[in-house]
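# Residue-level structural notes
So the chains spell out like this:
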Amino acid sequence: MPRWLRWSVLALLSWGVWAIMAKLIGEALSGAHNQALSTIGILPIMLAIGFSKRVSTPGNRRRGILYALAAGAVSCLGNVVYYDALSCGSKAAMIVPLTALYPLTTILLAMLLLQERLNRIQLAGVLISLAAIYLFNVQREEGFFSHWLMYALLPIVLWGAAGFLQKLSTNHISGELSTLWFLGAFIPFGLFFLVQEPLPALITSKTWLLVIAQGFFLALGNLAVLSAFAVHGKASIVTPLTALYPLISVPIAIGFLGERVGTREAVGIFLALVSVAMLSRETLTPVPAQTTTADQATQSAP
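It should be emphasised that the depicted structure is a prediction, and the values quoted were computed from it without experimental measurement. (Residues numbered from 1 in each chain as written. Predicted model: local features only at pLDDT ≥ 70, side-chain atom pairs only at ≥ 80, totals over all residues. Heavy atoms only, no water.)

## So, the nonpolar core
Counting residues in each nonpolar core, the largest one holds 60 residues, and the members touching the most others are Trp18, Tyr82, Leu183 and Tyr245. Membership of the second largest hydrophobic core comes to 8 residues, among which are Met21, Leu37, Val211 and Ala213. (Core = buried A, V, L, I, M, F, W, Y, C linked by side-chain atoms within 4.5 Å. Buried < 20%, exposed > 50% of the residue type's maximum accessible area, 1.4 Å probe, protein only.)

Laid out in structure tokens, this is it:
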């Protein structure tokens, strides 16, 4: 098995496990507490990235770091909403594939602000994602924009905006350095959440283990994607593969958590997964290998 494929599979598995952790934690922690405490789990990954030889960069460090910090801050807010959505009883089998459509926001922002254009596959992916969103809106009596759907769409917007900011960041600094500062933004946000909302009096050892593992698997997925690109993995293959992490989360939710979905929701899950792969299918142009690695690392964060 090629090295880039091994790293890609590791990212897929890592994010697939991460995406289901908040469901396992449940109501033991609020979304803010979940985000704050999971920061502990990212510290070993940050340390590993910090010792990477590829962290140094000749570009505009200040601008690149500011974009990366902004991306991390926006991603934190998206995580809080996502964790709250799962802890309040929403089905992981539906939330995970729906929120995995966040590349749609990144692509739209790139079109509006960077004058980028959709290729035919991505355009078809946009249309399929709209169909998936409609199918996920199972509460017909509330109209197209139900309360459940609007709540689930927030991570799509926030994570997509974070991806766009990381893309701007890697125009100036390496993907490794961008990811290091992206994850670094989680630390002050975690401290802020703890100051604003004190921890519960009792947190079980199981909850501590789950929330730390949640942060670790999130950061490990980022590191694995960077490593896949560093060993010449093609973006047109690595990106769609790692973005399909719901293929890991959804079977866990259905098979091990006892969740059930109807035919309509099952079709929505399938369309969402297809759409994620299509939205991630970029039209690549020949560029130097080092630039490709830095640019494509922007795909490395939910």
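## Overview of the packing of aromatic side chains
Evaluation of the coordinates by the stated rule reveals 11 aromatic pairs. A ring pair is formed by Tyr82 and Trp159, whose centres lie 5.2 Å apart and whose planes are at 55 degrees; its orientation type is tilted. With Tyr82 in helix H3 (residues 61–87) and Trp159 in helix H7 (residues 147–169), the pair connects residues that are 77 residues apart, well separated along the chain. On the basis of relative accessible area, Tyr82 is assigned to the buried category, the value being 1%. (Phe/Tyr/Trp six-rings, centres within 6.5 Å; stacked < 30°, edge-to-face > 60°. Helix = DSSP H or I, 4+ residues; strand = E, 2+ residues; numbered from the N terminus.)

## Overview of the packing of helix H2 (residues 31–50) against H3
The geometry of H2 relative to H3 is characterised by a closest axis approach of 7 Å and an angle of 125 degrees between their N-to-C directions. Taken together, H2 and H3 sit at an angle that is classed as oblique. The two elements H2 and H3 meet at a crossing, and its hand is right-handed. Residues Gly31, Ala32, Asn34, Gln35 and Ser38 of H2 touch H3, and the partners they reach there are Cys76, Asn79, Val80, Tyr83 and Asp84. Split into classes, the residues belonging to the contact of H2 with H3 amount to 4 nonpolar, 5 polar and 1 charged. (Axes fitted to C-alpha atoms, helices over the stretch in contact; angles between N-to-C directions. Parallel < 35°, antiparallel > 145°, perpendicular 65-115°, else oblique. Left-handed = near helix turned anticlockwise from the far one by under 90°. Contact = heavy atoms within 4.5 Å. Nonpolar A, V, L, I, M, F, W, Y, C, P; charged D, E, K, R; others polar.)

## Comments concerning a nonpolar patch on the surface
A cluster of nonpolar side chains, contributed by Ile40, Leu43, Ile187, Leu191, Leu199 and Trp208, occupies part of the molecular surface with about 490 Å² of accessible area. If you list the elements that add at least two residues to the nonpolar patch, you get H2 and helix H9 (186–196). Mapped onto the fold, Ile187 is located in helix H9. Since its relative accessible area comes to 33%, Ile187 is described here as partly exposed. (Patch = residues over 30% accessible without salt bridge, like charges linked within 9 Å, V, L, I, M, F, W, Y side chains within 5 Å. Areas by Shrake-Rupley, 256 points an atom, 1.4 Å probe, with all protein chains shown as cover. Salt bridge = Lys/Arg side-chain N within 4 Å of Asp/Glu carboxyl O.)

## Structural notes on the environment of Ile107
For Ile107, the position within the fold is in helix H5 (residues 103–114). For Ile107, a relative accessible area of 11% translates into the label buried. Sequence separation of Ile107 and Gln122 is 15 residues, and the distance between their C-alpha atoms is 8.8 Å. Apart from residues no more than four positions distant in its own chain, Ile107 is found in contact with Leu118, Gln122 and Leu279.

## With respect to the environment of Val267
Mapped onto the secondary structure, Val267 falls in helix H13 (residues 263–279). For the pair Val267 and Ala131, spaced 136 residues apart in sequence, the C-alpha separation works out to 9.7 Å.

## Considering the confidence of the model for the protein
On average, residues of the protein score 81 in pLDDT, and 82% of them are at 70 or above. In this model residues 138–142 is a low-confidence stretch, pLDDT under 50, and it forms 8 contacts with partners more than four residues away in sequence or in other chains. Here residues 287–299 scores under 50 on pLDDT; set against residues more than four positions off or in separate chains, the count is 26 contacts. (pLDDT = per-residue confidence, 0-100.)

## Things to note about the side chain of Thr242
With respect to the helices and strands, Thr242 occurs in helix H11 (residues 235–243). Apart from the residues lying within four places of it in its own chain, the contact partners of Thr242 are Ser8, Ala11, Leu12, Trp15 and Val225.

## Concerning the packing of H3 against helix H8 (residues 175–184)
It is at 7 Å that the axes of H3 and H8 come closest, and there the two elements cross at 45 degrees. As far as their axial angle goes, H8 and H3 are oblique. In this structure, H3 crosses over H8, and the sense of that crossing is right-handed. Every residue of H8 that contacts H3 at Arg61, Ile65, Ala68, Leu69, Ala71, Gly72 and Ser75 is listed here: Leu177, Ser178, Trp181 and Phe182. In terms of residue class, the contact of H3 with H8 is built from 7 nonpolar, 3 polar and 1 charged.

## A closer look at the environment of Ala124
Tracing the chain through its elements places Ala124 in helix H6 (residues 120–136). Owing to a relative accessible area of 26%, Ala124 belongs among the partly exposed residues under this scheme.

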